[in-house]
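For reference, the chains in residue letters:
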Amino acid sequence: MRAHLIRRVLQSGLVLLVVGFVAFSMFRFVGDPVDNMLGPERTQADIARLRTDLGLDRPIPVQYARYLAQAVQGNLGVSYRLGRPVADILAERAPATLELAAVSGLLALVGGVALGVLTAIRRGGIATGVLMTLSLVGVSLPTFLIGIGLIYVFAICLGWLPSFGRGDTVQIGGWTTGLLTASGRRALILPALTLGLYQMTLIMRLVRSQMLEVLSHDHIRFARARGLPEWRVLFRHALQNALVPVITVAGLQLGSIIAFAIVTETVFQWPGLGLMFINAIRFVDIPVMAAYLMLISAMFVAINLLVDLLYLFIDPRLRPAQQRSGG
Amino acid sequence: MTRSLLLAAALLAGVAPSVQAGPLRWARAGDSLTLDPHAKNEGPTHTLAHQIYEPLLIRDASGGLEPALATDWAPSPQDPGVWVFNLRQGVTFQDGAAFDSADVVFSLNRARSGRSDMKELLASVTGLRATGPYQVEIVTEGPNPILPGNLTNIFIMDEDWARANDAVEVQNISAGEVSFAATHANGTGPYSLVSRDPDVKTVLTQNPGYWGRGTFALQVTDIVFTPIQNPATRVAALLTGEVDFIQDVPVQDLNRVAAEPGLELRSAPQNRVIFFGLNMGAPDLQSDDVEGVNPLADARVRQAMNIALNRDAIRQVVMRGQSRPTGVIAPPFVNGWTAELDRVPATDVTRAKALMARAGFEDGFAIRLDCPNDRYVNDEAICQAAVGMLAQIGISVALDAKPKAQHFPLIANGTTDFYLLGWGVPTYDSEYIFNFLIHSRDDMRGSWNATGYSNPDLDAKIEALASETDMDARNAAIAEIWQVVQAETLYLPIHDQVLNWGATAKLGLAANPEDLPRFKYATLN
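Residues numbered from 1 in each chain as written. Chains lettered and ligands numbered in written order. Predicted model: local features only at pLDDT ≥ 70, side-chain atom pairs only at ≥ 80, totals over all residues. Heavy atoms only, no water.

Q: Explanation requested: unusual backbone geometry in the structure shown.
A: The phi dihedral of Asn378(B) falls on the positive side, at around 55 degrees, and the residue is not glycine. With relative accessibility at 25%, the residue Asn378(B) sits in the partly exposed group. (Buried < 20%, exposed > 50% of the residue type's maximum accessible area, 1.4 Å probe, protein only.)

Have a look at this one:
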């Protein structure tokens with residue numbers, strides 16, 4: 001068991017190294033940072049000198065090795081664009097994205113399960129038809145369009161909610177939160193809705209199909225035959241069984257919510273990691289791009305590792321052979 | 001709410017309510033990149049810096065020079081290679097320190113040091129001396145008649161503040177240095193920094209010790225600056241009243257903003273000309289389908305392309321009227337510009353075809369056009385329009401549009417045959433254009449000239465401009481150089497951009513060619 005654990009962790013580390021290398025080899029297709037770093041009056045000599053200073057004239061494996069050597073010592077470098085330490089920028093931006101992701105995730109889970117159950121038990125109802133059609137729209141509309149549509153309706157036409165930004169924030173230790181101020185909570189609604197809508201419709205459709213399947217099982221029929229109240233049949237016997245795959249999907253989706261917050265953050269000028277990454281790409285800010293990609297891949301690798309280990313824990317059949325030989 | 005409170009406070013204090021004062025919320029596409037006044041030569045960075053710091057002199061709305069920290073300036077009567085600047089007295093920095101000539105000498109030396117992004121504008125300066133507490137002499141390598149025009153974005157810092165905070169040197173980003181001056185500011189300007197969260201929000205408040213109190217309107221008491229990148233969101237924020245003033249109004253939303261009650265558009269011709277460059281110097285082109293010959297080396301082909309472009313159609317269809325077609329790669333306020341040069345070449349496809357035939361390309365040729373898609377107003381659409389227009393004379397253009405971070409290296413490395421470029425002229429003088437776009441490419445000059453054009457006679461004339469003190473002779477030389485540029489059809493000019501600001505109607509602030517709002521002038525009523 002321990003050997004297997006160590007092997008999985010080592011594999012994850014290897015995946016991270018490979019992702020980093022692929023990212024580094026792609027940076028040169030993004031462009032040349034030197035052109036953004038120097039003003040319009042730069043001479044050819046300035047360009048050549050800065051390229052040498054930044055080490056951009058070295059082969060990519062050398063650049064990557066240098067980056068890793070510094071990153072291991074906890075030095076993520078200085079942003080080419082803002083001239084500030086990348087670690088500081090990440091620490092400032094992460095709370096905004098994590099807060100947005102958490103609220104959208106919660107929204108997606110609660111809304112998705114509730115609507116999924118509703119559409120499963122009211123099969124063929126008008127409300128179900130409308131919801132199922134709307135959910136198709138939610139799955140297929142691009143996020144930026146949903147965001148702009150929400151801004152148009154709720155900010156411009158109705159004037160209820162702000163169109164951009166995070167509102168007022170409160171600093172607690174190293175964490176900034178918008179949840180403690182009225183303007184912060186108001187500012188969170190539209191971005192969270194935009195980011196969570198896709199996941200919500202996904203979960204809703206998943207819950208519905210799982211519920212329909214479980215409801216056709218024998219134990220539900222027997223439960224009903226025993227004369228149990230309908231709510232108890234639905235929520236105690238049916239939903240609990242339907243939720244197992246939903247939890248797995250929702251856990252894996254949390255990673256995507258954080259990673260794909262980029263579009264939502266750009267539309268709403270939400271000051272999180274995604275907006276930071278977009279700015280870094282436009283400027284070819286290599287230290288920031290590298291740190292962001294490593295962070296996101298570390299997160300995905302960690303989530304996957306955790307899920308693998310959980311399966312191992314839950315289902316003994318997946319354990320390696322030597323474990324069984326003792327019993 | 002805040003405004004009514006302020007008004008009530010003003011009434012209680014017995015101030016006449018006819019003069020309004022209040023905060024201003026301002027948004028534009030990009031944030032300032034650093035507060036260090038000499039680290040980045042870039043528009044949004046300078047715009048924020050102009051509220052906090054001041055240069056010796058600034059541009060007025062028509063491009064003329066106006067005193068700021070210098071009250072007057074003139075070449076030294078004894079030596080034409082020396083400029084004498086008399087400085088404003090009684091000025092203090094925002095931390096209370098007094099401003100004098102030592103600060104000017106320190107700041108200009110900092111601005112021309114190796115890592116400063118402003119150093120090329122001071123390339124002709126060989127020495128600086130303080131000849132009194134309020135007088136500075138700038139020594140140049142030979143006489144430099146246009147030096148004052150190069151100082152309008154060179155900000156003055158307090159020497160003691162810089163020394164106390166280890167900010168004597170400009171930040172060395174490639175060495176991983178961080179800098180106090182990049183995140184803190186102490187200028188002589190009308191507004192001082194309250195807080196700054198880069199890419200999120202910057203708050204400024206009026207500097208109570210500002211020397212210009214009583215001279216300028218100063219009705220904007222506080223400034224909250226928020227970058228909003230997405231154009232639709234930026235316009236939405238103006239429409240909902242969440243911001244009072246935006247720069248960079250997208251052309252497709254101009255009518256929407258103008259139609260909204262209580263909002264106004266402020267337009268001005270921008271100091272930026274858009275044009276195509278042609279690689280005429282290479283023996284053969286990479287992207288064309290002609291072997292062994294460079295079709296662009298033939299002036300007749302370049303002329304044919306020039307008159308095949310329909311600039312009015314681009315203005316009407318692509319730019320929705322928001323451009324000024326031109327025949328020269330210089331905006332109108334630049335010294336050396338004439339109405340004659342500016343005349344737009346008439347579109348004449350028949351004559352263009354005849355020119356192509358005479359050059360031996362009656363069947364045309366194929367070529368790739370490199371175009372940015374995130375730098376200028378509707379840049380990619382301009383290129384698309386040009387593709388169709390050039391197809392009429394048989395030139396089959398393959399458009400390759402990409403982000404500026406990938407486009408500009410092609411020009412820097414000279415690996416493009418046909419490209420779109422925009423150019424602003426901060427010095428308001430033709431020499432700046434010649435140095436970067438016309439002079440042969442070498443270590444010092446021609447860094448934006450990817451045409452491969454090299455004319456030693458013309459290079460000598462361009463270099464001589466720097467030290468010609470007789471303004472008439474200098475202007476004559478400029479006119480001569482322009483004649484060659486136009487006769488050779490070195491570039492295909494398209495238009496000058498028009499810039500648009502959107503603002504609440506109560507904000508009195510006119511747009512200027514520099515795209516640089518100076519809020520000390522703004523009124524609120």
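Q: Can you help me understand the side chain of Asn279(A) in this one?
A: With respect to the helices and strands, the residue Asn279(A) is situated in helix H12 (residues 273–283). Residue classification places Asn279(A) among the buried residues on the basis of a relative accessible area of 8%. When near neighbours in sequence (up to four residues on either side) are disregarded, Asn279(A) contacts Arg81(A), Asp199(B) and Gln229(B). (Helix = DSSP H or I, 4+ residues; strand = E, 2+ residues; numbered from the N terminus. Contact = heavy atoms within 4.5 Å.)

Q: Teacher, can you tell me more about the sheet that holds strand S4 (residues 70–75) of chain B here?
A: In any sheet, the strands associate via hydrogen bonds between backbone groups, in a parallel or an antiparallel arrangement. Residues and elements named next belong to chain B. Pairing in this open sheet of 4 strands is antiparallel, and the strands run S4-S5-S7-S6 from one edge to the other. Edge positions in the open sheet fall to S4 and strand S6 (125–132), since each of these has one partner strand only. The mean angle between the axes of side-by-side strands here comes to 20 degrees, regardless of whether they run parallel or antiparallel. Note: S4 against strand S5 (residues 82–87), 5 bridges, orientation antiparallel. Bridging across to S5, Ala74 finds its partner in Val84. Packed onto the sheet, helix H3 (residues 101–111) meets S5, S6 and strand S7 (135–140) and runs at close to 170 degrees relative to S6. (Pairing = 2+ DSSP bridges. Axes fitted to C-alpha atoms, helices over the stretch in contact; angles between N-to-C directions.)

Q: Mind showing me how you'd approach the side chain of His439(B) here?
A: If you trace the backbone, His439(B) turns up in the loop between helix H13 (430–438) and helix H14 (456–465). His439(B) sits in the buried class, given a relative accessible area of 2%.

Q: What should I look at first to understand the nonpolar core in this one?
A: Here is a general trend for soluble globular proteins: nonpolar side chains tend to be buried in one another's company. Counting residues in hydrophobic clusters, the biggest one holds 131 residues, and the most contacted among them are Leu56(B), Ile138(B), Phe276(B), Trp423(B), Leu437(B), Ile438(B) and Trp482(B). Here this core spans two domains, and each of domain 1 (3–244 + 506–524) and domain 2 (270–498) of chain B adds at least three residues to it. Grouped together as the second largest cluster of nonpolar side chains are 54 residues, Leu50(A), Ile262(A), Met276(A) and Leu33(B) included. (Core = buried A, V, L, I, M, F, W, Y, C linked by side-chain atoms within 4.5 Å. Domains from an automatic or database assignment.)

Q: Looking at this structure, how should I read the packing of aromatic side chains?
A: By convention here, two paired aromatic rings are described through the distance between centres and the angle between planes. All chains considered together, the criterion is met by 30 aromatic pairs over all chains. A centroid spacing of 4.2 Å and a plane angle of 20 degrees characterise the contact between Phe277(A) and Tyr292(A), whose relative ring orientation is stacked. Taken together, the residues Phe277(A) in helix H12 and Tyr292(A) in helix H13 (residues 286–314) connect sequence positions 15 residues apart. When sorted by exposure, Phe277(A) lands in the same class as Tyr292(A), which is buried. Each ring, one from Phe408(B) and one from Trp448(B), has its centre 5.7 Å from the other, and the planes form 80 degrees; the classification is edge-to-face. Linking Phe408(B) in helix H12 (residues 404–413) with Trp448(B) in the loop between H13 and H14, this pair joins segments that are 40 residues apart in sequence. This pair shows no difference in class: Phe408(B) is buried, exactly as Trp448(B) is. The ring of Trp211(B) is capped by Arg88(B), whose NZ or CZ atom sits 3.8 Å from the centre of that ring. (Phe/Tyr/Trp six-rings, centres within 6.5 Å; stacked < 30°, edge-to-face > 60°. Lys NZ or Arg CZ within 6 Å of the ring centre and 35° of its normal.)

Q: Honestly, the interface of chain B and chain A in this entry has me stumped. Any pointers?
A: Reports of interface size often rely on the accessible area that becomes lost once the parts have come together. Residue-level contacts link 52 residues of chain B with 49 residues of chain A. Of the roughly 4100 Å² buried at the junction of chain B and chain A (both faces included), carbon and sulfur atoms supply 52%. Contact with chain A buries area across many residues of chain B, yet Leu33(B), Asp199(B) and Gln229(B) alone supply 14% of it, more than any other trio. Connecting chain B to chain A are 3 salt bridges. When the shortest N-O distance is used, the salt bridge between Asp46(A) and Lys119(B) registers 3.6 Å. Where chain B packs against chain A, one counts 17 residue pairs in polar contact (both at pLDDT 80 or more). Considered class by class, the residues forming the side of chain B that touches chain A number 23 nonpolar, 14 polar and 15 charged. (Buried area = accessible area lost by both parts, 1.4 Å probe. Salt bridge = Lys/Arg side-chain N within 4 Å of Asp/Glu carboxyl O. Polar contact = N/O pair within 3.5 Å; in protein donor to acceptor, adjacent residues only side chain to side chain. Nonpolar A, V, L, I, M, F, W, Y, C, P; charged D, E, K, R; others polar.)

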